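What follows is each chain in one-letter form.
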Amino acid sequence: MNEFEQRWLLLIASIPTAGATARMRLWRTIKGMGCVPLRDGAYLLPERDHHAAAMEELAAQTNREGGQAWLLEVAARSREDEAAFVASFDRSADYAAFTGRLDEARKALSLRDPGEAGRALKRLRKDWDTLRRLDFFPNAASLSAQTAWADYEDAANALLSPGEPHAAQRAIARLSAANYQGRTWATRRHLWVDRVASAWLIRRFIDPNARFLWLDTPADCPQEALGFDFDGAAFTHIGDKVSFEVLLASFGLEEDPGLAHLGALVHALDVGGSANSEAAGFEAILSGARSRLPDDDALLKEMGAVLDSLHMHYGKKDS
C-alpha cells in the first residue's frame with residue numbers, strides 16, 4: 001500500500017489532427033480544471049471529490065468525438081516524486097501576476113468613476129475566485145495574495161460605497177410596522193445596492209408614506225430620523241445579514257418568497273456570496289441609472305420599478 005495519502009489522476013488523451021474543435025474544447029476544459037500537462041497528451045490533477053467524475057466525463061466525450069482517452073489513478077512511489085507532483089501545481093507565479101494587477105488597479109482607483117471601479121472589482125474578483133479554486137496546495141504566496149486582495153477589495157468598496165457599515169453583533173428585535181408610519185428615514189447618498197433596495201422595501205412594505213433624507217455623512221443624520229445602512233443606524237448590518245435582510249427580519253417579511261430571493265441578490269452584490277442569475281443584470285442597471293439620473297429620489301423611483309418587477313418574478317417562480 002502506498003504511504004502517501006494524496007492520490008493523483010492522470011488523463012492520457014489524443015485527438016486526430018482534423019479535430020481542431022475537439023482539441024480546443026479538451027484544452028480549455030483541462031485548463032479550467034487546473035490540470036498540469038506532463039507532456040503532450042498527458043495531464044495530471046490531484047484527486048478531489050469532484051475531479052474523478054469530471055475527468056471521466058472528459059475522457060468519455062473525447063472518445064465519442066473520435067479521439068482516444070484513458071483516465072488512470074496514479075500514486076507517487078517516493079517522497080521525491082510526491083514533492084515533484086505537488087511542486088508542479090505551485091501557483092506562486094500566478095499569484096505574483098495577480099498581485100501586480102491589483103497594484104495597478106489600486107493606483108487607478110482614484111481616477112475611475114464608480115461604475116468603472118465596480119466593473120474592475122468584479123473582473124478581479126472573478127479572477128481571484130478562479131485562482132483560489134485552482135490552488136490545490138496553498139502556500140506563503142497564497143497567504144500574501146490574500147492580504148493584497150483584501151486590501152484592494154476594501155479600497156474599492158470604500159470608493160463604491162463610502163461609509164459602508166461594519167456588522168454589529170446583536171439580536172434582531174421583531175418590530176411592528178404600525179409603529180413606523182409616516183417617519184423620516186435617512187441613509188448615505190449616492191445609493192448603491194443595499195441602500196436602494198432597503199429604501200424600496202421601506203416604502204413598499206413597511207412605511208408607504210416614508211420620507212427619505214440622503215446624507216452626505218452619517219453624522220448629518222437628525223436625531224429624530226431612522227437611519228439605515230451605516231454604523232450606528234437603527235437598521236444596519238447585523239451578523240451575516242446586510243441592511244435589507246435586517247429589515248426583512250425586523251418586520252417579519254422574510255417569509256415572502258419574492259423578498260427572500262431579493263435578499264439573496266442584495267446580499268451577494270453587497271458583501272459577496274453566491275449570486276442568482278439576475279444579480280449581474282440588476283447591478284448593471286443600477287450602475288447605469290446612477291450615472292444617468294440627477295439625484296437619489298429619481299434613482300429610487302426608477303430602481304423601485306425594477307425591484308417591483310423582480311419581486312413579482314421571484315414570487316411567481318415559487319407559486
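Look up: the structure comes first, before these words.
The rules we used
- Residues numbered from 1 in each chain as written.
- Predicted model: local features only at pLDDT ≥ 70, side-chain atom pairs only at ≥ 80, totals over all residues.
- Heavy atoms only, no water.
- Pairing = 2+ DSSP bridges.
- Helix = DSSP H or I, 4+ residues; strand = E, 2+ residues; numbered from the N terminus.
- Contact = heavy atoms within 4.5 Å.
- Axes fitted to C-alpha atoms, helices over the stretch in contact; angles between N-to-C directions.
- Buried < 20%, exposed > 50% of the residue type's maximum accessible area, 1.4 Å probe, protein only.
- Phe/Tyr/Trp six-rings, centres within 6.5 Å; stacked < 30°, edge-to-face > 60°.
- Lys NZ or Arg CZ within 6 Å of the ring centre and 35° of its normal.
- Polar contact = N/O pair within 3.5 Å; in protein donor to acceptor, adjacent residues only side chain to side chain.
- Core = buried A, V, L, I, M, F, W, Y, C linked by side-chain atoms within 4.5 Å.

**Some points on the sheet that holds strand S5 (residues 184-188)**
- Spatially, the three strands line up as an open sheet ordered S6-S5-S7, and their pairing is parallel. Unpaired on one side and paired on the other, strand S6 (211-215) and strand S7 (226-227) mark the two borders of the sheet.
- Pairing analysis gives five bridges linking S5 to S6, with the strands arranged parallel. Residue pairing in the sheet places tryptophan 185 in a bridge with phenylalanine 212 of S6.
- Lying over the sheet, helix H7 (residues 193-206) contacts S5 and S6, oriented at roughly 165° with respect to S6.

**Focus on helix H8 (residues 243-250)**
- Within H8, eight of the eight residues are buried, which leaves it mostly tucked inside the rest of the structure.
- Buried residues of H8: Ser243, Phe244, Glu245, Val246, Leu247, Leu248, Ala249 and Ser250, and no others.
- Of the surrounding secondary structure, the elements contacted by the buried residues of H8 are H7 and helix H9 (257-271).
- Downstream of H8 by a residue or two, glycine 252 has a phi angle that is positive, lying close to 65°.

**A word on the packing of aromatic side chains**
- With the rule as written, the count across this model stands at 18 aromatic pairs.
- When the centroid spacing of 6.2 Å and the interplanar angle of 70° are considered together, the rings of tyrosine 180 and phenylalanine 235 count as edge-to-face. Remark: phenylalanine 235 occurs in the loop between S7 and H8 and tyrosine 180 occurs in the loop between helix H6 (140-160) and S5; sequence separation between them is 55 residues. You'll find tyrosine 180 and phenylalanine 235 in the same group, each marked buried.
- Each ring, one from tyrosine 180 and one from phenylalanine 251, has its centre 5.3 Å from the other, and the planes form 90°; the classification is edge-to-face. One end of the pair, tyrosine 180, is in the loop between H6 and S5; the other, phenylalanine 251, is in the loop between H8 and H9, with 71 residues separating them in the sequence.
- Residue class for tyrosine 180 comes out buried when judged on its relative accessible area of 16%.
- Taken together, the ring pairs connect Trp8, Phe85, Phe89, Phe136 and Phe137 into an aromatic cluster.
- Positioned above the aromatic ring of phenylalanine 137 is the side chain of arginine 48, whose terminal nitrogen or guanidinium carbon lies 5.4 Å from the ring centre.

**Considerations on the environment of serine 78**
- Counting through the fold element by element, serine 78 comes out in the loop between strand S4 (68-74) and helix H3 (79-87).
- Separated by 60 residues in sequence, serine 78 and proline 138 have C-alpha atoms that sit 22 Å apart.
- Within the structure, the side chain of serine 78 is placed 3.1 Å from the backbone nitrogen of aspartate 81, a separation counted as a polar contact.

**Structural notes on the nonpolar core**
- By size, the foremost hydrophobic cluster in this structure holds 40 residues, and its most contacted members are Trp185, Leu201, Phe212, Phe244 and Phe282.
- For this core, the elements supplying multiple residues, two or more each, are H7, S6, H8, H9, helix H10 (279-292) and helix H11 (296-317).
- For this core, the element with the most residues is H7, which contributes eight residues.
- Among all residues touching phenylalanine 212, those that are not within four sequence positions of it are Trp185, Ala199, Ile202, Arg203, Phe228 and Leu300.
- Listed in part, the 24 residues of the second largest apolar core include Leu11, Cys35, Val36 and Ala69.

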